Amino acid sequence: MLLQLPIGLEAKFDGVVDLIDMKALYFRGDNGETVEEAEIPADMLALAETRRAELIDAASLFSDELLEAALEDRATPDLIRQAVRKGTLSLELTPVLVGSAYKNKGVQPLLDAVNYFLPSPAEVPIEAVDLDSGDAVVQLASDPTKQTVAYAFKLDEGRYGQLTFLRVYQGRSPRATP
């Protein structure tokens, strides 16, 4: 489900229209670090209202409260976010955001969406396979006091030497201070 519309395309990509909050976001600075909120451009307002109605329609399948609010034309951003989160967690709705890696345009709303819509490690079961015990399934917990279980998913040889990127599933990073 589309949560944003692009303002401009390709080299002229300048920002996004946030369909939940109904505002325009522009990314300024050398690396898009400054986010400016503004009114939705007049030439995009009709499209934004249509797409927002589609978003509310799809999200209301996951929230009776949002459905009732939508019928009374009082859907709030919080109700929409809660319904999108429910749909996302049930794997029946996929939030779609727009942005550009060039100059990091759209990164901040993307990171906010990760926090809003995706589960924290404490909310989902974590399973591993113990190769020393005949591939027995082991339940893990995101507990820093337990034995460390991590996955090295990327090696990078850069200007700082070799970097290893880890995903820590249980325990803590070997370099973390107590």
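Scoring rules and cut-offs
Residues numbered from 1 in each chain as written. Predicted model: local features only at pLDDT ≥ 70, side-chain atom pairs only at ≥ 80, totals over all residues. Heavy atoms only, no water. Pairing = 2+ DSSP bridges. Helix = DSSP H or I, 4+ residues; strand = E, 2+ residues; numbered from the N terminus. Phe/Tyr/Trp six-rings, centres within 6.5 Å; stacked < 30°, edge-to-face > 60°. Buried < 20%, exposed > 50% of the residue type's maximum accessible area, 1.4 Å probe, protein only. Lys NZ or Arg CZ within 6 Å of the ring centre and 35° of its normal. Salt bridge = Lys/Arg side-chain N within 4 Å of Asp/Glu carboxyl O. Expected span 1.5 Å × (residues − 1). Arc of directions from axis to C-beta.

### Focus on the pairing of strand β5 (residues 126–130)
- Inspection of the sheet shows β5 paired to strand β6 (residues 136–140) by 5 bridges, in the antiparallel sense. Its bridge partner lying in β6, D130 is registered against A136.

### Concerning the packing of aromatic side chains
- Scanning the entire structure with this criterion turns up 2 aromatic pairs.
- Pairing Y116 with F117 gives two aromatic rings, centres 5.9 Å apart and planes at 55 degrees, and the pair type is tilted.
- Its relative accessible area of 41% is what places Y116 among the partly exposed residues.
- The class for F117 is buried, based on a relative accessible area of 3%.
- Above the face of the Y116 ring, R81 is positioned so that its terminal group lies 4.6 Å from the ring centre.
- The positively charged end of K154 is found above the aromatic ring belonging to F165, 5.4 Å away from the centroid.

### Remarks on the pattern of salt bridges
- Taken as a whole and judged by the stated rule, the model has 9 salt bridges.
- A salt bridge links D14 to R28; the shortest N-O distance between them is 2.9 Å. Linking D14 in the loop between β1 (4–7) and β2 (15–18) with R28 in strand β3 (residues 23–28), this pair joins segments that are 14 residues apart in sequence.
- With a relative accessible area of 30%, R28 lands in the partly exposed category.
- Here E72 ties to R74 by a salt bridge, and the two come within 2.6 Å at their closest N and O atoms.
- Assessed through its relative accessible area of 47%, E72 is described here as partly exposed.
- Bridged by salt links that share partners, the residues D14, R28 and E36 form one connected network.

### A few points about the environment of K86
- Residue placement: K86 occurs in helix α3 (residues 77–89).
- Residues K86 and L55 lie 31 residues apart in sequence; the distance between their C-alpha atoms is 14 Å.

### Re helix α1 (residues 45–59)
- A rise of 1.5 Å per residue sets the reference length of α1, with its 15 residues, at 21 Å; its end C-alpha atoms lie 21 Å apart and thus fit the reference within 8%.
- Where α1 is concerned, the buried positions are A48, R52, L55, I56, A58 and A59. Projection of α1 onto a plane perpendicular to its axis shows the buried side chains occupying an angular sector of 160 degrees, all on one side. Summarising the geometry of α1, the exposed residues directed more than 90 degrees from the buried face are A46 and D57.

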